[in-house]
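Residue-level structure breakdown
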Amino acid sequence: MAGDPVERMHELRELIAHHGRLYHELDAPELPDADYDRLVRELAVLEATHADLVPVPDDSPTRTVGGAPSAAFAPVVHRFAMMSLDNAMDHDELSAWGERLARSVLRVRNAAAVAEGTEAVRSEEGTALAEPPEGPLPLAERFCCELKIDGVATALTYENGRLVQGATRGDGRVGENITDNVRTLGDIPTDLGPNAPALLEVRGEVYLPISAFEATNAALLAAGQKPYVNPRNTAAGSLRQKDPAVTAGRQLRFWSYQLAAIEGGPTFDSHEQSLRYLESLGFPVNPEIRVLGSLEEVLAHCRHWAEHRHDLDYDIDGVVVKIDDLALREELGSTARAPRWAIAFKFPPEERTTLLRDIEVSIGRTGRATPFARLEPVFVGGVTVETATLHNEDQVAAKDVRPGDTVIVRRAGDVIPEVVGAVPSLRPPGSEPWQFPRVCSCPLATPLVRAEGESDTFCVEAECPFQRDQRLIHFASRGAMDIEGLGERTVRLLTEAGLVRDPADLYTLAAESLLGFDGWGEISVNNLLRAIEDSKARPLANLLVAFGVRHLGPAAAAVVARAFGSLEAIATARAEELATLEGVGPVIAEAIHTWFARPSTADLVARLRAAGVDPQAPVASSERPVLAGRSIVVTGTLDGYTREQAEAAILARGGKSPGSVSKKTTAVVVGAEPGASKITKAAELGIPVIDEAAFVQLLETGALPEG
Ligand code: IVH
């Protein structure tokens, strides 16, 4: 960063204070956490490197915690400060913490040993070392690893078993009294029973499940209101309501992660023991807590959760690694803002800000007009994102994002990137709300139609070249006819040159008309024609998918193909016949029937047939239908089966293998590294969880193990 460091530090402190207020006090942050953290880190580096120029003020954001408590709630002075945590952004930083810790541990133990006159680590001269030697040190500690819940830190005080106070963190020293609000959370016990200690303070995180967040936002959008940015802010906003009845309606939950004070009760040596005790008193303790014996295991654990964070129905933004030994914690102590005995391993951010260059509208194969953002490329959620969906007209309006805005982009797991909202303070002057275009952007420029009461807008022109291209791209795509080399660019070239209008035209393409086309030589032409030729014998289900019949996905297409066996049989099937198939139902059945009843479909099918398209009929299964009507979910890696093979084995025996656990699930098969949410769900619903050996048995006999 060029410029005067003192000035920059000043500027950063003001920026951080502004965004800190928005986050902590107003529950309405403008910046994603990652952007905020960057500002704090930049300041911390400047402070550390320029300590000689200016002393660091005590109220620098690098030394303080949270925000000022709101005057809307009575203040609560915390018994002990509610601290923050230092962050490790990657494995190197976690290892560096491990080494710092090793050094401190050794120092503490040496001091104790010297004081007791027992054996300490000594220098070659034989004197006890005040400072441990340079270089990496062995560390044999127990680390308690917990998920870092992205919620709102809350302290609960119980006297003689009765909940007497709930408080937010506030600035760490003084928080807000939210007792009436926390009482409305079903997860938080209000009476601990006769064995409760005289005094107990429990700290933990109030959070909103993702499913509840999505439901809340869907309701807000339906009412034309601005949606919440993420579950954390929704949780914070819901918890800090003047009217506890509003809090009660929000489905907030709680995980306990710290026994902060106890009088007149048991004492503990380890953090883990204290959590078990809280559990025994009825507090919810997260099931994913692990005590690990080495930093290597801790790293592997963090890596695991970075990959599996989306298996959970609540947001986590990292793993908190804590020294388990409580006596050692005491010795290690804290800095002004964070304990030395813990660190938060933060996952790579899934939300970042970037410039919204423009809003455009894409036309899909059904004619749906979807607005999307053209962005200044930004690295988020592990990939560089240049475009992100804005879903529909109402969402753009509700989020009020405009070209030229700095916007928050979210990419979580496999979900397609999304624009969450704009940063209002960074909006350029004179910008206007974005208007949905009135006409399709294709050369035909036909008016776009939005039906009364619908959220989507459509181009309804059957000849729209954009729709036609999208239909062809879909026809050639992987789960459909899988024609290698026939992607968006090639399709566009072929249609613009007038060589192809619909899928049947692909099968009459001649080498002569393609040679020299866009500089293609013989090899490119032959490759494309061979790929098209090969697709003629794709399975019937793939051809059904390729047609792009509304509502008809790959699973239902497979069922229909298996039941009817040929294109002609499906084309003449009655909707009622189709609807009786497992996994099809009346909506899909009607859509298939309507599609095949169109004259244009009959023409397309006839031309495909004439060109030699001859889809493979599904082979009848030779297996006994021991799983007929049953639903088996597979999670994790099995030794003897790939995921596809396991599913095929279930289908071949008449069963189904959906991707998620529900009331209808018969059993959940668990391999290595399973999805935690599937197991939790199975446990909640009382569904048997079986291993690979039991799965093999199940495939053979249809029977589940006893018990
Ligand atoms: S321990 C003194 N454990 O992260 C340390 N904190 O950035 C007390 N958090 O204020 C915190 N999950 O709100 C701890 N398993 C966990 C946590 C956790 C989420 C939050 C907590 C804390 C913040 C620090």
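Residues numbered from 1 in each chain as written. Predicted model: local features only at pLDDT ≥ 70, side-chain atom pairs only at ≥ 80, totals over all residues. Heavy atoms only, no water.

This next bit is on the pairing of strand β10 (residues 316-323). Across the 8 residues that make up β10, a large majority, 8, are buried. Judged from the 7 bridges that link them, strand β3 (residues 143-149) and β10 form a sheet pairing that is antiparallel. When the sheet's bridge partners are listed, Leu-147 is paired in β10 with Val-319. Across 5 bridges, β10 lies against strand β11 (residues 342-346) in antiparallel orientation. The residue bridging Gly-318 from the neighbouring strand is Lys-346, located in β11. (Buried < 20%, exposed > 50% of the residue type's maximum accessible area, 1.4 Å probe, protein only. Helix = DSSP H or I, 4+ residues; strand = E, 2+ residues; numbered from the N terminus. Pairing = 2+ DSSP bridges.)

Here we take up the site of the ligand. The ligand sits among 14 residues. The nearest are Glu-146, Ile-149, Arg-169, Glu-205 and Lys-322. Here Tyr-257 contributes a side-chain N or O atom positioned 3.4 Å from an oxygen atom of the ligand. With the chains in place, 90% of the 520 Å² that the ligand exposes on its own is no longer accessible. Split into classes, the residues belonging to the shell around the ligand amount to 8 nonpolar, 1 polar and 5 charged. (Near = heavy atom within 4 Å. Polar contact = N/O pair within 3.5 Å; in protein donor to acceptor, adjacent residues only side chain to side chain. Areas by Shrake-Rupley, 256 points an atom, 1.4 Å probe, with all protein chains shown as cover. Nonpolar A, V, L, I, M, F, W, Y, C, P; charged D, E, K, R; others polar.)

Judged by pairing direction, the sheet is mixed, and its 5 strands sit side by side in the order β2-β11-β10-β3-β9 without closing on themselves. The sheet is open, and its two borders are formed by β2 (87-88) and β9 (290-292), each paired with just one other strand. Inspection of the sheet shows β3 paired to β9 by 3 bridges, in the antiparallel sense. Bridging from a neighbouring strand, Phe-143 pairs with Leu-292 of β9.

Of all hydrophobic cores here, the largest spans 53 residues; its most connected members are Ile-483, Leu-506, Tyr-507 and Phe-547. For Leu-506, the contacting residues outside a window of four places in its chain are Leu-472, Phe-475, Ile-483, Leu-486, Val-500 and Ile-532. Among the nonpolar cores identified, the runner-up in size contains 32 residues, and Leu-94, Leu-101, Tyr-314 and Trp-341 belong to it. (Core = buried A, V, L, I, M, F, W, Y, C linked by side-chain atoms within 4.5 Å. Contact = heavy atoms within 4.5 Å.)

Applying the stated criterion across every chain, the model contains 44 salt bridges. The salt bridge involving Asp-317 is made with Lys-148; its shortest N-O contact spans 3.7 Å. With Asp-317 in strand β10 and Lys-148 in strand β3, this residue pair connects regions lying 169 residues apart in the sequence. Accessibility classification places Asp-317 together with Lys-148 in one group, the buried group. One salt bridge connects Glu-360 with Arg-374, and the closest N-O pair in it is separated by 2.7 Å. Of this pair, Glu-360 sits in strand β12 (residues 351-363) while Arg-374 sits in strand β13 (residues 368-380), and the two are 14 residues apart along the sequence. Beyond isolated ion pairs, a larger network of salt bridges with shared partners links Asp-37, Lys-148, Asp-317 and Lys-346. (Salt bridge = Lys/Arg side-chain N within 4 Å of Asp/Glu carboxyl O.)

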